[in-house]
Amino acid sequence: MNARRTRDSERGYSLVELMAVIIIVGVLATLATIGVRKYVFAAKSSEAIHMIGAIKAAEEAYKDETFVYLNVSTDIDSYYPTQTPNGKTKVQWGGTGGDQPARWGQLGVSVGAPVQYGYACVAGKAGDSVPDPGLRTNPYGAVSTTEPWYVVKAVGDMNDDGVQSIFTSSSFSTEIFSQNEDE
């Protein structure tokens, strides 16, 4: 009787026990993957938030000197440094070709590293119409402009799936509005 009990206790784990461990490990791996993706997207979107803050500060400094905001982009959908920003490639800020690099330089916005978003900044004077930044709901609505204004927009497709993350702010608000931030 004692020999049988010893042999049964040395058999190891049952199939049910092994399957339970495999299921637990799979669930934990899935949760870890989701968590890491969330942090990666948050890190990527922090570039846009930081750059919009830098552009806003540069526009305010420019206005302090000239009493107007600088119209850097030809329109709200003309992005710099690239027209088709995506998350798979980074593009170096700066350069010499075209009008936009010179205007960004005039504004005093520069970055030491390549960027993943495209940026646009349009400005106008009192009475000019404010462009729609392209969000589902326009946060600026029907703003009556009695003073000079600017609108900043950052656009990027971080996982190259055709859905763009959009960040925008303006002289009308201290907030940065976003759409598809964690796309």
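Before reading on, note that the structure itself is shown above.
About the thresholds
- Position numbers for residues start from 1 in each chain and track the written sequence from start to end.
- At least 70 in pLDDT is required for a residue's local features to be given in this predicted model, at least 80 for side-chain atom pairs to be given and counted, and no such filter applies to totals for whole chains, interfaces and linings, which use all residues.
- For side-chain calculations, the full set of non-hydrogen atoms in the structure is used, while hydrogens and water are omitted.
- Residues enter patches when their relative accessible area tops 30% and they take part in no salt bridge; the joining distance is 9 Å for like charges and 5 Å for the nonpolar side chains Val, Leu, Ile, Met, Phe, Trp and Tyr.
- Calculation of accessible area relied on Shrake-Rupley with a 1.4 Å probe; when residues are assessed, cover is drawn exclusively from the protein chains displayed.
- A side-chain nitrogen of Lys or Arg and a carboxyl oxygen of Asp or Glu constitute a salt bridge if their distance falls within 4 Å.
- Counting from the N terminus, the helices are the DSSP runs of H or I reaching at least four residues and the strands are the DSSP runs of E reaching at least two.
- Only protein chains enter the accessibility calculation, which uses a 1.4 Å probe; a residue is then buried when its area is under 20% of its type maximum, exposed when over 50%, and partly exposed in between.
- In this text, buried Ala, Val, Leu, Ile, Met, Phe, Trp, Tyr and Cys residues form a nonpolar core when linked through side-chain atoms within 4.5 Å.
- Between two residues, a contact is recorded if the distance between any of their heavy atoms is within 4.5 Å.
- In short, DSSP must find at least two bridges between two strands for them to pair.
- Whenever a helix is involved, its axis is fitted only over the stretch in contact; in every case the axis is a line through C-alpha atoms, and angles between N-to-C directions fall within 0 to 180 degrees.
- We call two N or O atoms a polar contact when they sit within 3.5 Å, provided that within protein one can donate a hydrogen and the other can accept it, with sequence-adjacent residues counted only if both atoms are side-chain atoms.

> Could you give an account of a nonpolar patch on the surface, with specific residues and numbers?
A surface patch of nonpolar side chains, about 500 Å² in accessible area, is lined by Ile23, Ile24, Val27, Leu28 and Leu31. Relative to the assigned elements, Val27 resides in helix 2 (residues 15-66). When its relative accessible area of 46% is taken as the criterion, Val27 is described as partly exposed.

> Tell me what's going on with the nonpolar core, and back it up with residues and numbers.
If you look at the biggest cluster of nonpolar residues, it comprises 25 residues, and the most contacted ones within it are Ile55, Trp93, Trp104, Leu107, Val109 and Tyr119. Counting only elements with at least two residues in this core, the list comes to helix 2, helix 3 (99-107), strand 1 (118-124) and strand 2 (149-156). Per-element accounting of this core gives the leading share, seven residues, to helix 2. Setting aside anything within four residues of it in sequence, one finds Val109 in contact with Met51, Ala54, Ile55, Ala58, Trp93 and Trp104.

> Break down the sheet that holds strand 1 for me, with residues and values.
The sheet built from four strands is open, its strands ordered 1-2-3-4 with antiparallel pairing. Each end of this open sheet is capped by a strand with a single partner; those strands are strand 1 and strand 4 (173-179). Within this sheet the neighbouring strands show an average axis-to-axis angle of 15 degrees, counted without direction. Of the strand pairs in this sheet, strand 3 (residues 165-170) and strand 4 are connected by four bridges, and their pairing is antiparallel. Counted as the bridge partner of Ser170 is Ser173 from strand 4. Contacts from helix 2 reach strand 1, strand 2, strand 3 and strand 4, with the element oriented near 20 degrees to strand 3.

> Give a detailed account of the side chain of Ser169, specifying residues and quantitative values.
Relative to the elements of secondary structure, Ser169 occurs in strand 3. A polar side-chain atom of Ser169 sits 3.0 Å from a polar atom in the side chain of Lys56. A polar contact is formed between the side chain of Ser169 and the backbone oxygen of Glu175, at a distance of 2.7 Å.

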